[in-house]
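# Secondary and tertiary structure notes
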Amino acid sequence: MLGNLGKSLTNTMKKLAGMTIIDEKTIKEVVKDIQRALIQSDVNINLVLKLSKRIEDRSLNEKPPKGITPREHVITIVYDEMVNLLGKEPHELEITDKPYKIMFLGLQGSGKTTTIGKVCRFLQKKGFSPAVVCTDTWRPAAYEQLKQLTEEMQIQLYGDPDNKDAVDLAKKGLKTFKSKKIIIFDTAGRHKEEKDLLNEMETLSEVINPNESMLVIDGTIGQQASEQAKAFSNATNVGSIIITKLDGSAKGGGALSAVAEIGAPIKFIGTGERLDDFEIFDPERFISRLLG
Ligand code: GDP
């Protein structure tokens, strides 16, 4: 379980290697290294401080269990504290009700449309045939982009580029696909004002009454991630998070901060532009990446 994490913390942990007693000074040094790694990975500073305080307190006060070296014990504590935030096991997308309504949220450019395609592909592979409703009346090409994407995958789409009323589109989409097992709602990612976008999400959320609202966050945006998550979470009930663009150099610390901010689990990550560049979120790998 500690394999990857142990490796990624190698340099830090070298300081502890071979020691049987780890004193306060050494622990403080190690915690500093962890702080540095987390800050470089864009984790929110308040969260870094909170996490490192817990790691320090526990490392100083808890006795290593029998057979565990002090070094392993500190690694375990670091891992434990991160897992407390992210959860240990991957979170499944469970299709419980029929229709299971998934509402997508996210700012323009976050990768929301691409991610809808990826989730559709994921669900198709599991034997489902989801339908998609386009309620984005702001971006002129939104419907066209979804049309192309869904046609390729032979997925049914409801939308009307001439209708500028998102709520009406949602209602009609609900009616059109009421007998489907899964309905996915695309929403706008931009308005003239952010406030208007969030108001629209609140109203849409009341009308759609989704089983799950999935927030798509660009993994490269760093510190802004928690703000975004908070804003969407105040307007709707965000049930899960998808982090995109983790194929680049971004380490996803912003995403971790977003999770800590709103408490919703990350379910998937996007790792490229193609439909198959999509993975079930693996907490342990993510933690290794953050600290690596
Ligand atoms: P939307 O405005 O939120 O609907 O965003 P789009 O789905 O149109 O995506 C915006 C850009 O991000 C496009 O160029 C996508 O190809 C790209 N994109 C989306 N997801 C990923 C990802 O996981 N990795 C990379 N590298 N690019 C992505």
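Residues numbered from 1 in each chain as written. Predicted model: local features only at pLDDT ≥ 70, side-chain atom pairs only at ≥ 80, totals over all residues. Heavy atoms only, no water.

On to the environment of L290, then. Along the chain, L290 falls in helix 12 (residues 283-291). Residue L290 is classed as buried on the basis of its relative accessible area of 0%. Taking C-alpha positions, L290 is 34 Å from I182, a pair spaced 108 residues apart along the chain. Non-local contacts of L290, meaning those with residues more than four positions away in its chain, are made with A37, S41, V43, M82, K251, G252, G253 and L256. (Helix = DSSP H or I, 4+ residues; strand = E, 2+ residues; numbered from the N terminus. Buried < 20%, exposed > 50% of the residue type's maximum accessible area, 1.4 Å probe, protein only. Contact = heavy atoms within 4.5 Å.)

All right, on to the site of the ligand then. Around the ligand, a shell composed of 17 residues is seen, among which G109, K112, T113, T114 and D247 lie nearest. G109 is positioned with one of its backbone polar atoms (N or O) 2.7 Å from an oxygen atom of the ligand. At 3.2 Å from an oxygen atom of the ligand is found a main-chain nitrogen or oxygen belonging to G272. Protein coverage of the free-state accessible area of the ligand, which is 580 Å², stands at 79%. Tallying contributions element by element places helix 6 (residues 112-125) first for the shell around the ligand, with 4 residues. For the shell around the ligand, a count of residues per class yields 1 nonpolar, 10 polar and 6 charged. (Near = heavy atom within 4 Å. Polar contact = N/O pair within 3.5 Å; in protein donor to acceptor, adjacent residues only side chain to side chain. Areas by Shrake-Rupley, 256 points an atom, 1.4 Å probe, with all protein chains shown as cover. Nonpolar A, V, L, I, M, F, W, Y, C, P; charged D, E, K, R; others polar.)

On to the pairing of strand 7 (residues 266-270). Sheet faces and side chains relate simply in a regular strand, where the side chains alternate between the two faces. For strand 7, a buried count of 5 out of 5 residues is recorded, marking the element as mostly surrounded by other parts of the structure. Bridging between strand 6 (residues 240-244) and strand 7 involves 3 bridges; their strand directions are parallel. Residue pairing in the sheet places I243 in a bridge with I269 of strand 7. At this point the chain moves from strand 6, through helix 11 (residues 253-262), to the parallel strand 7, and the crossover so formed is right-handed. Here strand 7 runs beside strand 8 (residues 278-280); their pairing, made up of 3 bridges, is antiparallel. Paired with G270 across the two strands is F278, which belongs to strand 8. (Pairing = 2+ DSSP bridges. Right-handed = clockwise from strand over helix to strand, strands pointing away.)

To continue, consider the packing of helix 6 against helix 7 (residues 142-153). Where helix 6 contacts helix 7, the two axes come as close as 10 Å, and the packing angle between them is 20°. With respect to helix 7, the axis of helix 6 lies roughly parallel. Crossing angle aside, the handedness with which helix 6 passes helix 7 is right-handed. Mapping the contact onto sequence places T113, I116, G117, C120, R121 and Q124 in helix 6 and Q145, L146, L149 and M153 in helix 7. Split into classes, the residues belonging to the contact of helix 6 with helix 7 amount to 5 nonpolar, 4 polar and 1 charged. (Axes fitted to C-alpha atoms, helices over the stretch in contact; angles between N-to-C directions. Parallel < 35°, antiparallel > 145°, perpendicular 65-115°, else oblique. Left-handed = near helix turned anticlockwise from the far one by under 90°.)

Our focus in this paragraph is the pairing of strand 2 (residues 131-134). Burial along strand 2 is two-sided: the residues A131 and V133 and V132 and C134 are all buried. Note that strand 2 and strand 4 (residues 182-186) share 4 bridges and pair parallel. By the bridge assignment, V133 is partnered in strand 4 with F185. Examined bridge by bridge, strand 2 and strand 3 (residues 157-158) share 2 bridges and lie parallel to one another. Along strand 3, the bridge assignment pairs V132 with L157. Note on the crossover from strand 2 through helix 7 to strand 3: the handedness is right-handed.

This paragraph deals with the pattern of salt bridges. Under the definition given, this model contains 17 salt bridges. The residue D168 makes a salt bridge to K172 at a minimum N-O spacing of 2.8 Å. In this pair, D168 and K172 are both assigned in helix 8 (residues 166-176), 4 residues apart and thus about one turn of the helix distant. Residue class for D168 comes out partly exposed when judged on its relative accessible area of 24%. Each of R54, R58, E62, D80 and E81 takes part in a single network of salt bridges with overlapping partners. (Salt bridge = Lys/Arg side-chain N within 4 Å of Asp/Glu carboxyl O.)

The periodicity of an α-helix, 3.6 residues per turn, causes residues three or four positions apart to be oriented the same way. Spanning 17 residues, helix 3 (residues 24-40) covers 24 Å between terminal C-alpha atoms, matching the ideal 24 Å at 1.5 Å per step. Along helix 3, the residues classified as buried are T26, I27, V30, V31, D33, I34, Q35, A37 and L38. Residue D42 follows helix 3 closely and has a positive phi angle near 75°. (Expected span 1.5 Å × (residues − 1).)

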